[in-house]
Amino acid sequence: MLYWLTALSDGGDFFNLFRYITFRAGGAFLTALVFGFVFGKPLINVLRRRQGKGQPIRDDGPEGHLAKAGTPTMGGLLIVGALLFSTLMWARWDNSFVWMVLFVTLSFGLIGFADDYAKVSKQNTKGVPGKLRLALGFAIAIIAALWASWSHPVELQNQLAMPVFKNVLINLGYLYVPFCICVIVGAANAVNLTDGLDGLAIMPVMIAAGAFGIIAYAVGRVDFSEYLDVHYVPGTGEILIFTAALFGGGLGFLWYNAPPAAVFMGDTGSLALGGALGAIAVATKHELVLVIIGGLFVAEALSVIIQVLYFKRTGKRVFLMAPIHHHYEKKGWAEPTIVIRFWIISLILAMIGLATLKVR
């Protein structure tokens, strides 16, 4: 919205700054950060009053989690609220990719909100039926995948870009949209599975968002895309403002989610943020790089899949408990140790993912 102030500029004054994506990204970060600090405590107080017993704790989970009973959930409202307000304030409203990513974020956030509400109101860990949740997620992803495909340059439509072999484009044809659907839905659910310890999910999401913000800015500029030998996707640079807002809102939330957490993000936050990462990867034509940058989320999801399939086949377990962060809890690792080590892994993976921009 503030981009409209450029109409008041004569080309060399303060209002001219609003033309620059980097300036507006900085503004989006600070706005979302302040939003989180200002509204964090009041929101937690409201959630605590409305939810009473807070998020129900699984009886079969790690014993240490029983002490978390009574902690309110739906803290993702703080992140999504900061993200929405800040992005609308600082991003250009005529950018198709920004609206696509916002659509996915808010839609998955609504699914998560319904799931959290069902769990809290019924004091049951089941929430919204899994099949319904998945069906709604696929419906949202179909719209987003078609939206992104139509917004891409003609020469890149239905093409899968390779992160290392940059001159290679694989024409998926009609399979491209189903592929993008899997990326978005998979990312949303992978982040959801990762959100099991205080602060575990939000920092890796922020790290991944920061990396994809850099990628979005690079592929959205002709000069940068030529230098880095990546495919130019006009308009994706504005996504940097969204990711900056996510980073600021995430920090504001982490202030209250740091161990011991005063609030959980819940499915409201994890589904919204995971869907956002998937949508950004699709928009920037870096779907495969998401597997690297979001490798922690991939590992968490794979641990669940492996555990379920192996147990059905043999009646035995590969991990002491899935997702894999619970496996390390069962092995006796302290919760902060798991969280910080997983943060480190996420940062390393993000650096590797960014390094692919220059690999020839």
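For the structure itself, consult the block above.
If you're wondering where the values come from, they're calculated on a predicted model, not measured in any experiment. (Residues numbered from 1 in each chain as written. Predicted model: local features only at pLDDT ≥ 70, side-chain atom pairs only at ≥ 80, totals over all residues. Heavy atoms only, no water.)

J.: Would you explain the overall build of the protein in this entry?
T.: Within the protein one finds 13 helices and two strands. Relative to the 2.2 N^0.38 estimate, which gives 21 Å for 360 residues, the radius of gyration of the protein is 20 Å and therefore close to what a compact globule would have. Seen along its three principal axes, the alpha-carbon backbone of the protein occupies a region of about 60 × 45 × 35 Å. When the accessible surface of the protein is totalled, it reaches about 16100 Å², and 68% of it is carbon and sulfur. Each charge sign in the protein was given a centre, from 27 positive and 20 negative side chains, and these centres are 8 Å apart. (Helix = DSSP H or I, 4+ residues; strand = E, 2+ residues; numbered from the N terminus. Rg over C-alpha atoms; globule rule 2.2 N^0.38 Å. Areas by Shrake-Rupley, 256 points an atom, 1.4 Å probe, with all protein chains shown as cover. Lys, Arg positive; Asp, Glu negative; His and termini not counted. Charge placed at Lys NZ, Arg CZ, Asp CG, Glu CD.)

J.: Would you take a moment to explain the packing of helix α4 (residues 130–151) against helix α5 (residues 176–194) for this structure?
T.: What describes two packed helices is the angle between their axes and the distance between those same axes. One way to put it is that α4 packs onto α5 with a least axis distance of 8 Å and a crossing angle of 130 degrees. The orientation of α4 with respect to α5, classified from their angle, is oblique. Crossing angle aside, the handedness with which α4 passes α5 is right-handed. From α4, Arg-133, Leu-134, Gly-137, Phe-138, Ala-141, Ile-142, Ala-144, Ala-145, Leu-146 and Ser-149 reach across to α5, where they touch Tyr-176, Val-177, Cys-180, Ile-181, Ile-184, Val-185, Asn-189 and Asn-192. (Axes fitted to C-alpha atoms, helices over the stretch in contact; angles between N-to-C directions. Parallel < 35°, antiparallel > 145°, perpendicular 65-115°, else oblique. Left-handed = near helix turned anticlockwise from the far one by under 90°. Contact = heavy atoms within 4.5 Å.)

J.: Before we go on, may I ask you to explain the pattern of salt bridges in this structure?
T.: Any two side chains of opposite charge can pair, so long as their charged atoms come close to each other. Summed over all chains, the structure comprises seven salt bridges. Note that Arg-92 and Asp-94 form a salt bridge whose closest N and O atoms lie 2.8 Å from each other. According to the relative accessible area criterion, Arg-92 is partly exposed, its value standing at 27%. According to the relative accessible area criterion, Asp-94 is exposed, its value standing at 57%. A salt bridge links Lys-119 to Asp-267; the shortest N-O distance between them is 3.4 Å. Here Lys-119 is found in helix α3 (residues 96–122), whereas its partner Asp-267 is found in helix α9 (residues 266–283), with 148 residues between them in sequence. Using a relative accessible area of 17% as the deciding quantity, one classes Lys-119 as buried. Linked by salt bridges that have partners in common, Asp-115, Lys-119, Arg-133 and Asp-267 make up one network. (Salt bridge = Lys/Arg side-chain N within 4 Å of Asp/Glu carboxyl O. Buried < 20%, exposed > 50% of the residue type's maximum accessible area, 1.4 Å probe, protein only.)

J.: Would you mind going over the environment of Arg-341 with me for this structure?
T.: Position of Arg-341 among the secondary structure elements: in helix α13 (residues 335–355). Counting along the chain gives 339 residues from Arg-341 to Leu-2, while the straight-line C-alpha distance between them is 39 Å.

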